[in-house]
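Results of the structural survey
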Amino acid sequence: MKVAVIGLGYVGVPVAAVLASKGIRVVGIDIDPRKVERVGAGATPLEGYEPGLAELIAEGAASGLLKATTDYDAMADADAVVVSVETPIDDATHDPEYKALRSALRSIAPRLHKGALVSIESTVAPRTMTGLVRPILERGSGLRAGRDFHLVHSPERVTAGKLLRNLTTLDRVIGAEDARARRAARTLYSQISSGALHDADWVSAEITKTAENAYRDVQIAFSNEVALICEELGANAYRVRELVNTCPGRDMLIPGAGVGGHCIPKDPWLLVSPVIHQKPVLIPTAREVNDFMPTRMAQLVEEAMREVGRRIRNSQVAILGFAFRENTEDSRNSPAIPLIRELRRRGADVTIHDPFAKSLRGFTITRDLGAALRGADCLALVTAHDDYRTLDLKKLRGWMRHRAIVDGRNVFDGSVIKRGFSYRAIGKGEF
Ligand SMILES: NC(=O)c1ccc[n+]([C@@H]2O[C@H](COP(=O)([O-])OP(=O)(O)OC[C@H]3O[C@@H](n4cnc5c(N)ncnc54)[C@H](O)[C@@H]3O)[C@@H](O)[C@H]2O)c1
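A short tour of the structure in this document, coming up. Every value quoted in this text rests on a predicted model; they were computed, and no experiment measured them. (Residues numbered from 1 in each chain as written. Predicted model: local features only at pLDDT ≥ 70, side-chain atom pairs only at ≥ 80, totals over all residues. Heavy atoms only, no water.)

With that settled, consider the overall build of the protein. A count of helices and strands for the protein gives 15 helices and 14 strands. C-alpha atoms of the protein, sized along the principal axes, occupy 75 × 50 × 40 Å. Within the span of the protein, comprising 431 residues, buried residues form 53% of the whole. Long-range pairs, those at least 24 residues apart, make up 71% of the contacts in the protein between residues at least 6 apart in sequence. Entry remark: accessible area of the protein is about 19200 Å², with carbon and sulfur atoms responsible for 50%. Here the protein holds 59 positive side-chain charges and 53 negative ones, and the gap between their average locations is 1 Å. (Helix = DSSP H or I, 4+ residues; strand = E, 2+ residues; numbered from the N terminus. Buried < 20%, exposed > 50% of the residue type's maximum accessible area, 1.4 Å probe, protein only. Contact = heavy atoms within 4.5 Å. Areas by Shrake-Rupley, 256 points an atom, 1.4 Å probe, with all protein chains shown as cover. Lys, Arg positive; Asp, Glu negative; His and termini not counted. Charge placed at Lys NZ, Arg CZ, Asp CG, Glu CD.)

Our next topic: unusual backbone geometry. A positive phi is found at N327, a non-glycine position, where the angle reads about 60°. Inspection of the secondary structure puts N327 in the loop between β9 (316-320) and α12 (336-345). Even without being a glycine, N410 presents a positive backbone phi close to 55°. Mapped onto the secondary structure, N410 falls in the loop between β13 (404-407) and α15 (415-418). For N410, a relative accessible area of 29% puts it in the partly exposed group.

Moving on to the pairing of strand β8 (residues 197-200). In the sheet, strand β7 (residues 172-176) pairs with β8 via 4 bridges, with the strands oriented parallel. The partner of I174 across the bridge, within β8, is D199. (Pairing = 2+ DSSP bridges.)

By the definition in use, this model includes 2 cavities of 30 Å³ or more. Volume-wise, the largest cavity comes out at about 40 Å³. Lining the largest cavity are P155, E156, R157, N166, L167, L170, D171 and R172. Here the residues of the lining of the largest cavity sort into 3 nonpolar, 1 polar and 4 charged. Its volume calculated, the second largest cavity comes out at about 30 Å³. (1 Å grid on protein atoms, 1.4 Å probe; cavity = no way out; pocket = protein on both sides within 12 Å on 5 of 7 lines; lining within 4 Å. Points joined across faces, edges and corners; volume = space filled by probe spheres on them. Nonpolar A, V, L, I, M, F, W, Y, C, P; charged D, E, K, R; others polar.)

Our next topic: the site of the ligand. In the vicinity of the ligand there are 28 residues, among which D30, K35, Y72, T87 and K266 approach most closely. The side chain of Y72 places a nitrogen or oxygen atom 2.6 Å from a nitrogen atom of the ligand. Take the shell around the ligand: its biggest share by element is 3 residues, from helix α4 (residues 99-108). Class assignment for the residues of the shell around the ligand results in 12 nonpolar, 8 polar and 8 charged. (Near = heavy atom within 4 Å. Polar contact = N/O pair within 3.5 Å; in protein donor to acceptor, adjacent residues only side chain to side chain.)

On to the sheet that holds strand β11 (residues 365-366), then. Sheets are built from strands that pair by backbone hydrogen bonding, the pairs being arranged parallel or antiparallel. As summarised here, the arrangement of the 6 strands in space is β11-β10-β9-β12-β13-β14, forming an open sheet in which the pairing is parallel. Two strands lie at the open edges of the sheet, namely β11 and β14 (422-425), each paired on one side alone. Bridge count between β9 and strand β12 (residues 378-381): 4 bridges; the pairing is parallel. Looking at the pairing, A318 lines up with L379 of β12.

Attention now goes to the layout of surface pockets. Estimated volume of the second largest pocket: approximately 880 Å³. For the second largest pocket, the lining is made up of 25 residues, of which D91, P265, R332, N333 and S334 are closest to its centre. For the lining of the second largest pocket, the secondary-structure elements that each account for two or more residues are α11 (282-307) and α12.

Turning our attention to the environment of G9. Note that G9 resides in the loop between β1 (2-6) and α1 (12-21). Using a relative accessible area of 16% as the deciding quantity, one classes G9 as buried. Residues G9 and K35 lie 26 residues apart in sequence; the distance between their C-alpha atoms is 8.3 Å. The residues touching G9, leaving out its near neighbours within four places in the chain, are P14, K35 and L46.

Quick look at the pairing of β12 now. Successive residues of a regular strand alternate their side chains across the two faces of the sheet. Burial along β12 is two-sided: C378 and A380 facing one way and L379 and L381 facing the other are all buried. Read from β12 through helix α14 (residues 393-399) to β13, the crossover connection turns out right-handed. (Right-handed = clockwise from strand over helix to strand, strands pointing away.)

A word on the packing of α4 against helix α5 (residues 128-141). Relative to each other, α4 and α5 sit at 35°, their axes nearing to 8 Å. Contacts from L101, R102, L105, R106 and I108 in α4 reach T128, L132, V133, I136 and L137 in α5. Taken together, the residues of the contact of α4 with α5 sort by class into 7 nonpolar, 1 polar and 2 charged. (Axes fitted to C-alpha atoms, helices over the stretch in contact; angles between N-to-C directions.)

This next bit is on the packing of α11 against α12. Their axes nearest at 8 Å, the elements α11 and α12 cross at an angle of 45°. With respect to each other, α11 and α12 are oriented oblique. Where α11 crosses over α12, the two elements pack in a sense that is right-handed. Residues P294, M297, A298 and V301 of α11 touch α12, and the partners they reach there are P338, L339, E342 and L343. (Parallel < 35°, antiparallel > 145°, perpendicular 65-115°, else oblique. Left-handed = near helix turned anticlockwise from the far one by under 90°.)

Below, the discussion takes up a negative patch on the surface. Taken together, the side chains of E86, D90, D91, D95 and E97 define an acidic patch exposed on the protein surface. Relative to the elements of secondary structure, D95 occurs in the loop between β4 (80-83) and α4. Using a relative accessible area of 40% as the deciding quantity, one classes D95 as partly exposed. (Patch = residues over 30% accessible without salt bridge, like charges linked within 9 Å, V, L, I, M, F, W, Y side chains within 5 Å. Salt bridge = Lys/Arg side-chain N within 4 Å of Asp/Glu carboxyl O.)

Okay, here's the thing in structure tokens:
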């Protein structure tokens, strides 16, 4: 068996490496020559720590089973083609942006042969399989899905930091329109995951994947809304959450400074994008609530500084944490980004500290806490990195010009007030 994996990102790389580890010949195809070069050389092209992945790629390359190229001709004799290119949304309209998917499918189609399996692992909006994927593949190949080749949608469920574990153990959904395609996909995926394989049709698989992440987003938005209510009414949302969860069947999530990551901020928009007659209200509103949290942080910064007699214009605000998830360097769609933009818009000068995340254009990150905090009028904590749980308040007092703390992750508590700081926090209205 030979498998072509199209798109060597967070999804494609572990899929390719795991298949090669099962003795299957794998060719990874990407338009990014740097990624191809890395995988070809037996190294990971991904950022962040992924247990076991670097070793698996190295073994695959050394055995000759895992190859990588930018040349689509290498897939011509593949029995299966896994598509894992990015599927973002347009920032302004929130509509799906399928440039990469279209381009990949157009390159695959003329090289597709009879009997091959094509599995779309990328997350797509409902009806994309019928409206976009099948037509492009059929037109470009002259073959018919279901008759000449097998076409399935088996969306990926991996999370950065746990790519291999998720990929090889989680249940997965196989969306197929006919029994032969389902059988071919089951043969492929039973090599990859020990989890159960669940049958669905294309549209149910598309809805399931996007609904999984929309569900999470709505749950977080609920907690964030309760947090905003607690702030206004003088309660502590973290204590309220604990109390709510003593009631059977309740599992309120933790509120915070905002939602980031690759999937949660975009998949809810993919889910609602094809809907015309029903008007989804809850899911877009949840997006709005979660997108508001960085603005709320900026408001709290203004409030905390006002209490110490400092205006935001020309002030210095130190952001602690740029990654969206604690103890990682992953800053994709981090709420720190809109927060920093908002603070700059209000006239603040911003310094950014993160122990792991790398600088981006316009966002220079220091690893030196003192450098970020020296002369600061306010500290705004966005990410609950472990390093921030043991901050030395005496040192902070020495470094900062004004003593104001805004806590987006429940890392501090009211004791900082006794230590001479003004304190504002997401979800804490009791101070
Ligand atoms: N990252 C995750 O944790 C995760 C989890 C579940 C599902 N997904 C979904 O999987 C898909 C891929 O996500 P990702 O995080 O791996 O993206 P990514 O951006 O890390 O990787 C995508 C890769 O595809 C390549 N590419 C783009 N156009 C191409 C083309 N025409 N031909 C060949 N290669 C091309 C890019 O160069 C890139 O290397 C998305 O639909 C995403 O929503 C991602």
